[in-house]
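# A closer look at the structure
Take a look at the letters that make up each chain.
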Amino acid sequence: MNLSTENVLVFFRIRLLESITIDLIIMIKKVNNIGVLTSGGDAPGMNAAIRAVVRACSFYELKCFGIYKGYEGLIENEIEELNARSVRNIINKGGTFLKSARSRAFRTTEGRAKAHQNLVEAGIDALVVIGGDGSFTGAMKLYEEYNFPVVGIPATIDNDINGTDYTIGYDTALNTVVDAIDKIRDTASSHNRLFLIEVMGRDAGDIALNAGIGAGAEEILIPEQNLGVERLIDSLKRSKKTGKTSSIIVVAEGDKSGKNIFELGEYVEENLKDYEVRVSVLGHIQRGGSPSCYDRVLGSKLGVGAIDALLKGESNVMIGIVNKKIESVSLEVALTKEREMDQELIRVSDITSI
Ligand code: F6P
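For the structure given in this document, a descriptive report is provided here. None of the values given here were measured: they were computed from a predicted structure.

Within the protein chain one finds eleven helices and 13 strands. Counting only C-alpha atoms, the protein chain reaches 75 × 55 × 35 Å along its principal axes. Here the protein chain holds 354 residues, and the buried ones make up 50% of them. Restricting to contacts in the protein chain with at least 6 residues of sequence separation, those with at least 24 account for 72%. Summed over all atoms, the accessible surface of the protein chain reaches about 16800 Å², with 51% contributed by carbon and sulfur. Side-chain charges in the protein chain split into 41 positive and 49 negative, and the spacing between the mean points of these groups amounts to 4 Å.

Close contact between helix α1 (residues 46-59) and helix α9 (residues 293-311) brings their axes to 7 Å; oriented N to C, the two are set at 35°. Two packed elements cross with a definite hand, and for α1 against α9 that hand is right-handed. On α9, the residues that touch A48, A49, A52, V53, A56 and C57 of α1 are D295, R296, G299, S300, G303, V304 and I307. When the residues that make up the contact of α1 with α9 are grouped by side-chain class, the tally is eight nonpolar, three polar and two charged.

Attention now goes to the pairing of strand β12 (residues 317-322). Within β12, five of the six residues are buried, leaving the element largely enclosed by the surrounding structure. Taken together, the two bridges between strand β7 (residues 150-154) and β12 define a ladder with parallel strand orientation. Bridged to G152 within β12 is M318. As defined by bridge partners, β12 adjoins strand β13 (residues 325-330) across six bridges and the pair is classed as antiparallel. Opposite M318, over in β13, you have V329 as the bridge partner. Taking the residues between adjacent antiparallel strands as the criterion, β12 and β13 are bridged by two residues, where N323 takes a positive phi near 50°.

We now examine the nonpolar core. In this structure, I34, V128, I130, I153, I207, I248 and I307 are the most contacted members of the largest nonpolar core, which totals 64 residues. Counting residues in each nonpolar core, the second largest holds 23 residues, with F65, F136, A139 and A334 among its members.

Ordered in space as β5-β4-β3-β6-β7-β12-β13, the seven strands form an open sheet in which the pairing is mixed. For this open sheet the edge positions go to β5 (79-82) and β13, each flanked by a neighbour on one side alone. Neighbour-to-neighbour, the strand axes of this sheet turn through a mean angle of 30°, independent of strand direction. Pairing between strand β4 (residues 63-67) and β5: four bridges, direction antiparallel. Among the inter-strand pairings, I67 is bridged to a residue of β5, identified as I79. In the packing of α9 onto the sheet, the strands contacted are β3 (33-38), β6 (126-131), β7, β12 and β13, and the crossing angle to β12 comes to about 135°.

Our focus in this paragraph is the site of the ligand. Surrounding the ligand, one finds R102, T156, I157, D158, M200, G201, R202, E253, H284 and R287. At 2.7 Å, a side-chain N or O of D158 approaches an oxygen atom of the ligand. In this structure, R202 approaches the ligand through a side-chain N or O atom, which is 3.5 Å from an oxygen atom. For the ligand, whose unbound accessible area comes to 400 Å², protein coverage reaches 76%. Tallied by class, residues from the shell around the ligand come to two nonpolar, three polar and five charged.

Procedures and definitions
Counting from 1, residues in each chain are numbered in the order their sequence is written. Selection of residues for local features in this predicted model requires a pLDDT of at least 70, selection of side-chain atom pairs for listing and counting requires 80 or more, and totals for whole chains, interfaces and linings are taken over all residues. The side-chain values count all of the structure's non-hydrogen atoms but skip hydrogen atoms and water molecules. The secondary structure listing takes helices from DSSP runs of H or I that are at least 4 residues long and strands from runs of E that are at least 2 residues long, numbered from the N terminus. Summary of the burial criterion: residues with accessible area below 20% of their type's maximum are buried, those above 50% are exposed, and those between are partly exposed, where the area comes from a 1.4 Å probe applied to protein chains only. Here, residues are in contact when the closest pair of their heavy atoms is within 4.5 Å. Note on areas: these come from Shrake-Rupley sampling with a 1.4 Å probe, and a residue is covered only by the protein chains present in the view. The charged-residue count follows a simple rule in which Lys and Arg add positive charge and Asp and Glu add negative charge, with His and chain termini not counted at all. Where a charge lies is defined by one atom per residue type: Lys uses NZ, Arg uses CZ, Asp uses CG and Glu uses CD. Axis lines are fitted to C-alpha atoms, over the contacting stretch for helices. Their N-to-C directions set the angle, which ranges from 0 to 180 degrees. It is the rotation of the near helix from the far one that decides the hand of a crossing: anticlockwise by less than a right angle makes it left-handed, clockwise makes it right-handed. Amino acids outside the nonpolar list (Ala, Val, Leu, Ile, Met, Phe, Trp, Tyr, Cys, Pro) and the charged list (Asp, Glu, Lys, Arg) are all regarded as polar, and Gly is one of them. Pairs of strands are assigned from DSSP output, requiring at least two bridges between the strands. Only buried Ala, Val, Leu, Ile, Met, Phe, Trp, Tyr and Cys residues count toward a nonpolar core, and they belong to the same one when joined by side-chain atoms within 4.5 Å. Throughout this document, a residue counts as near a molecule or strand when at least one of its heavy atoms sits within 4 Å of that molecule or strand. Here a polar contact means two N or O atoms within 3.5 Å. Within protein one must be a hydrogen donor candidate and the other an acceptor candidate, and residues neighboring in sequence count only if both atoms are side-chain atoms.

Purely spatial values, then, with no claim about function.
As C-alpha cells, then:
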C-alpha cells in the first residue's frame, strides 16, 4: 500500500436544516516525510514510542527522520533518516535513543525560526514530539507560528498531562519508587525510624500518591493538597500511640508545605522526640531503567496512533489513551493545568494508613 505520494480528499456532508445539506470536499496535504524527536525529561518507554513511529512510517512507506537532542538538535540540524532497522533492540532500553534536552534556544523566536528552516530544508512536513508539557508548548508554537503539522505523544514520569489516563514512563517510575521504598522500609523497621522519602513530581502528586499507597506509606504529601504540617504531626502521634514503631512518609518534590524535605525532617524530629528521623531523596533513579511491559505497549500504541493521526490530516493534537482507547485531543487541552486529584485514592490512603 503506497499512501505516500498523493494528497487526501476528505468528504464531509453537513446537515444545516431538515431539508438542506451541504457537501464539502477538502483536500488535505498528504504528509510524506515525518520527523520525530524526544524532548524534556527522559522517560522509560520513549524508545518504544520512537520505534513505533519509525516502523509505522516504514509500514506506510513514509520517510522518517530522527532529530537528536530534542528541539536543541533541531536548531543545530542534527537530523538523520531512520529506517525500521535503525530502531532494533531499543524497546527494552530506558532513556531515549534520540537523546533529549530542555532547550532554552527554542523558547526564542530566532531559535524557532532556525528550527523551522531546518525542518523545511530537510523536507520534513510533519513532526512527532514525544515529551511532556514543555515539549507540547514548543510543538504548539511551531503550529501557531508556521502552521507546521505537529502531533504530540505524552511521555513523562509525572503523569501530569490532561487528555490521557497515562503518560509513557509513569508506570515504570511507580514500580521503581515502590521497589526503593520497600528497601528503605527494611531499615525503617529494623531501627524503629521514621523516613521521609522525596519522590519526583514538580507539580503533580501522582507518583507520590500511587507509589505511597503501593508501598504502604503512612502519610503522603502532594502539591495538589496542602493539609498543613501540624496535621502530619498529629497523625504520627496518633499512630505511635496505637503501636507503630516505624513510619514512611512520601513527599512529592512539589509539595506545598512550605518546607523542603530536610526542613520537614527537622520539624518532625523536634515535634516527635521519640522518633529517629532520616531523609531520603530518590532523585533520578526514578527516571531510569528498563521500561515496564505496560510502558512498552503504551509507547507502541501511541507511536502508531501518532502516524495514523497525521495520515488522517490531524494536527496540533496529542495522542493519548482514555479508557483503554487511543484518542486525540488538542494540544491546548493536553496542556490545561487543572487536573483533579483522585479523591477516592486519597480516601483509600487515609483508611489504609491508620
Ligand atoms: O518532568 C519530569 C521530571 O522528572 C520532574 O518530576 C522533575 O521535577 C524534573 O523532571 C527534573 O528535571 P531535570 O532532570 O531536568 O532536573
